[in-house]
2 protein chains.
Amino acid sequence: MVILGGGNVAQHLAKAFAKSKRVQLVQIYNRKGVTFHQIPVTQDLSKLAKADIYVLAVSDDAVEEIANQLPDNQQLVVHTSGSVSMEALASHTRRGVLYPLQTFSKDRSLDYATIPFCIEANNKADFQLLETLSKSISPAIYSINSEKRKKLHLAAVFVCNFVNHLYQLGYEITEENGIPFAILQPLIQETAAKVTQGTPREMQTGPAKRNDQKTMQKHLEMLALPEKKEIYQILSNAIAQTHGRKEL
Amino acid sequence: MVILGGGNVAQHLAKAFAKSKRVQLVQIYNRKGVTFHQIPVTQDLSKLAKADIYVLAVSDDAVEEIANQLPDNQQLVVHTSGSVSMEALASHTRRGVLYPLQTFSKDRSLDYATIPFCIEANNKADFQLLETLSKSISPAIYSINSEKRKKLHLAAVFVCNFVNHLYQLGYEITEENGIPFAILQPLIQETAAKVTQGTPREMQTGPAKRNDQKTMQKHLEMLALPEKKEIYQILSNAIAQTHGRKEL
């Protein structure tokens with residue numbers, strides 16, 4: 001395998017595959033020459049090593065561009081993006097996707113055994129190849145086509161990126177009031193843990209769920225910035241609507 | 001101790017204090033006569049047992065009303081609400097607050113050792129009494145006055161109730177597209193786990209953070225309901241603003 005990319009996803013995948021005994025990671029390409037995990041690095045696309053699989057772990061915009069620069073040598077070329085179609089690799093006869101559904105941050109070590117890999121290929125043999133490859137680092141392999149993958153990526157934005165921004169808003173409220181953010185940690189962890197046991201709808205609590213107008217009014221008064229008031233209002237309305245429908 | 005209330009908070013506190021060797025939970029009061037953990041229950045306020053502390057684990061609206069129905073026998077009366085001031089108990093000479101900062105759902109067993117208790121009292125001796133009491137079930141005790149507690153409760157709505165609704169939106173997207181919700185679980189857990197290691201701002205990822213307009217446009221097109229588009233837009237803008245300020 002050759003991994004192309006120098007960002008968080010490339011680094012995390014390199015780390016995971018470097019440890020796998022079933023996969024031989026022979027080279028990494030990136031323009032900046034970022035080295036990691038003692039794998040040989042090249043900054044020159046024309047000096048790519050021979051491999052069975054080329055993994056493009058690059059930004060969404062760069063997928064097609066870099067794919068077009070690789071000669072079609074009948075090797076399997078895959079990308080790792082949640083929102084780019086497999087057809088962005090149409091310049092390659094054998095193409096596929098290996099999308100790790102996780103949030104990758106620098107300096108954060110991950111348990112790869114729990115990362116779901118969403119795989120897709122344009123022929124059955126390559127699908128099986130990707131399956132074998134992913135199974136060498138994770139037991140959670142899903143067959144997801146480009147259309148479903150885009151929806152899944154959208155869902156991931158809600159449950160990860162937007163959720164993290166709500167943590168940020170909670171952080172700002174504690175900071176502004178001289179309260180340690182740590183006090184919110186057990187609540188954050190329990191809120192996440194709860195949805196492994198039931199649907200989010202069953203687990204919903206709070207003033208919007210109870211239609212507690214008094215508390216919601218007090219909360220809105222405490223929020224000074226109109227942008228924050230708006231977020232409060234719109235999410236409270238959405239919760240009210242979700243739970244109001246029950247009575248209809 | 002006597003606990004007044006029959007909801008999730010009352011039940012969870014009863015369970016925790018029933019196990020504590022330092023506290024004797026002698027009675028539970030609630031109108032419906034809900035029994036739990038083999039503790040004697042009364043439905044009659046005039047038949048309350050004698051105790052050193054009366055804990056009002058009732059709904060926000062009921063705190064003052066029930067407090068006013070209890071005679072002021074110079075015993076400590078506390079409530080457990082995040083958004084009600086201690087002064088709602090002004091009919092009692094000795095008053096305080098014992099606010100467990102956690103989300104309590106039915107049928108969900110909790111590790112009480114990790115629940116932060118925010119305590120407040122109108123005199124030092126009672127503060128110490130509440131401290132001893134809370135320490136018998138949790139090591140995480142914080143001194144938080146009514147003003148700060150209201151802010152903390154607001155922060156909790158963001159990091160718990162609103163976060164759970166974003167899980168719900170992710171759930172709906174997976175359900176509508178025949179994708180198992182379970183595939184999002186590792187992402188949900190990792191997103192929560194990450195903020196124990198750094199600030200939410202440092203941990204932010206995703207299209208809004210990267211200002212990836214193309215992906216955000218595609219996402220908006222996929223969301224059919226205007227309410228969901230609005231949530232997507234408003235949270236993406238908030239992330240952009242939080243991270244744009246860095247460059248100013």
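Just so it is clear, the structure is predicted and the values come from calculations on it, not from any experiment.

A. Structural context of the overall build of chain A. Assigned secondary structure in chain A consists of 9 helices and 8 strands. Oriented by its inertia axes, the alpha-carbon framework of chain A measures out at about 65 × 45 × 30 Å. Sorting the 248 residues of chain A into buried and exposed places 57% on the buried side. In chain A, the share of contacts with a sequence separation of at least 24, taken over all contacts with a separation of at least 6, comes to 49%. When the accessible surface of chain A is summed, it comes to about 10,800 Å², and 48% of that surface belongs to carbon and sulfur atoms. Charge separation in chain A, taken as the distance between the mean sites of 28 positive and 24 negative side-chain charges, equals 5 Å.

B. Spotlight on the interface of chain B and chain A. With 90 residues of chain B in contact, the opposing surface of chain A contributes 90 residues. Regarding the contact of chain B and chain A, the summed buried area is about 8,700 Å², with carbon and sulfur atoms giving 67% of it. Contact with chain A buries area across many residues of chain B, yet B:Arg108, B:Phe158 and B:Ile183 alone supply 8% of it, more than any other trio. The interface formed by chain B and chain A includes 2 salt bridges.

C. Looking closely at the sheet that holds strand β7 (residues 117-121) of chain A. Residues and elements named next belong to chain A. Sheet architecture is open: 8 strands sit in the order β3-β2-β1-β4-β5-β6-β7-β8, paired in mixed fashion. Strands with a single pairing partner mark the edges of an open sheet, and in this sheet they are β3 (41-42) and β8 (141-143). Sheet analysis places β7 next to β8, joined by 3 bridges and oriented parallel. Among the inter-strand pairings, Ile-119 is bridged to a residue of β8, identified as Ser-143. Seen against the sheet, helix α3 (residues 124-135) touches β4 (53-56), β5 (76-79), β6 (95-100), β7 and β8 and runs at an angle of roughly 160° to β7.

D. Looking closely at a negative patch on the surface. A contiguous patch of negative charge on the surface is contributed by A:Glu227, A:Glu230, B:Glu227 and B:Glu230. Elements represented by at least two residues in the negative patch include exactly α9 (226-244) of chain A together with α9 (226-244) of chain B. Within the element layout of this structure, A:Glu227 appears in helix α9.

E. Representation of helix α2 (residues 60-69) of chain B in the model. All names here are of chain B. Among the residues of α2, those classed as buried are Ala-62, Val-63, Ile-66 and Ala-67. Buried residues of α2 fall within an arc of 130° about the axis and therefore sit on the same side. The inward-facing, buried residues of α2 abut β1 (2-4), β4 (53-56) and β5 (76-79).

F. Structural detail: the sheet that holds strand β7 (residues 117-121) of chain B. Residue and element names in this part refer to chain B. The 8 strands are arranged β3-β2-β1-β4-β5-β6-β7-β8 in an open sheet whose pairing can be described as mixed. The sheet terminates laterally at β3 (41-42) and β8 (141-143), the two strands that pair on one side only. Two strands pair when backbone bridges link them, and strand β6 (residues 95-100) and β7 are joined in this way by 5 bridges, in the antiparallel orientation. Bridge pairing in β7 links Val-97 to Glu-120. Docked against the sheet, helix α3 (residues 124-135) engages β4, β5, β6, β7 and β8, running at close to 160° with respect to β7. Here helix α4 (residues 146-176) sits on the sheet in contact with β5, β6 and β7, set at roughly 20° to β6.

G. Just the pairing of β5(B), in detail. Residue and element names in this part refer to chain B. Both faces of β5 are covered, namely the face carrying Leu-76 and Val-78 and the face carrying Val-77 and His-79. Bridge count between β4 and β5: 4 bridges; the pairing is parallel. Bridge pairing in β5 links Val-55 to Val-78. Running through α2, the crossover from β4 to the neighbouring parallel element β5 is right-handed. The pairing of β5 with β6 spans 3 bridges and is classified as parallel. Bridging across to β6, Val-78 finds its partner in Gly-96.

H. Here's a closer look at the relation of the copies chain B and chain A. In the superposition of chain B on chain A (RMSD 0.0 Å, axial shift 0.0 Å), the rotation amounts to 180°. The transformation relating the two chain copies, once decomposed into turn and shift, fits a two-fold axis. If distances are taken from each C-alpha of chain B to the rotation axis, the shortest is found for B:Val163, at 2.7 Å.

I. The arrangement of the pattern of salt bridges in detail. All names here are of chain A. Per the stated rule, a full pass over the model turns up 16 salt bridges over all chains. Glu-172 is the partner of Lys-228 in a salt bridge, and the nearest nitrogen-oxygen pair spans 2.5 Å. You can see Lys-228 sitting in helix α9 and its partner Glu-172 sitting in helix α4 (residues 146-176), a full 56 residues away along the chain. A single burial state applies to Lys-228 and to Glu-172, both of which are buried.

J. Layout of the nonpolar core. With 78 residues, the main nonpolar core has A:Phe158, A:Leu166, A:Leu184, B:Phe158, B:Leu166 and B:Leu184 as its most contacted residues. Here B:Phe158 is in contact with A:Leu166, A:Leu169, A:Gly170, A:Ile173, A:Leu223, A:Lys228, A:Ile231, A:Tyr232 and B:Val163, once residues within four sequence places are set aside.

K. Looking closely at unusual backbone geometry. Residues and elements named next belong to chain A. Of note, the phi angle at Gln-74 is positive, near 65°, even though the residue is not glycine. Tracing the chain through its elements places Gln-74 in the loop between α2 (60-69) and β5. A relative accessible area of 45% places Gln-74 in the partly exposed class.

Criteria and cut-off values
- Residues numbered from 1 in each chain as written.
- Chains lettered and ligands numbered in written order.
- Predicted model: local features only at pLDDT ≥ 70, side-chain atom pairs only at ≥ 80, totals over all residues.
- Heavy atoms only, no water.
- Helix = DSSP H or I, 4+ residues; strand = E, 2+ residues; numbered from the N terminus.
- Buried < 20%, exposed > 50% of the residue type's maximum accessible area, 1.4 Å probe, protein only.
- Contact = heavy atoms within 4.5 Å.
- Areas by Shrake-Rupley, 256 points an atom, 1.4 Å probe, with all protein chains shown as cover.
- Lys, Arg positive; Asp, Glu negative; His and termini not counted.
- Charge placed at Lys NZ, Arg CZ, Asp CG, Glu CD.
- Buried area = accessible area lost by both parts, 1.4 Å probe.
- Salt bridge = Lys/Arg side-chain N within 4 Å of Asp/Glu carboxyl O.
- Pairing = 2+ DSSP bridges.
- Axes fitted to C-alpha atoms, helices over the stretch in contact; angles between N-to-C directions.
- Patch = residues over 30% accessible without salt bridge, like charges linked within 9 Å, V, L, I, M, F, W, Y side chains within 5 Å.
- Arc of directions from axis to C-beta.
- Right-handed = clockwise from strand over helix to strand, strands pointing away.
- Least-squares fit on C-alpha atoms with pLDDT ≥ 70 in both.
- Core = buried A, V, L, I, M, F, W, Y, C linked by side-chain atoms within 4.5 Å.

Without other data, these values stay purely geometric and don't point to any function.
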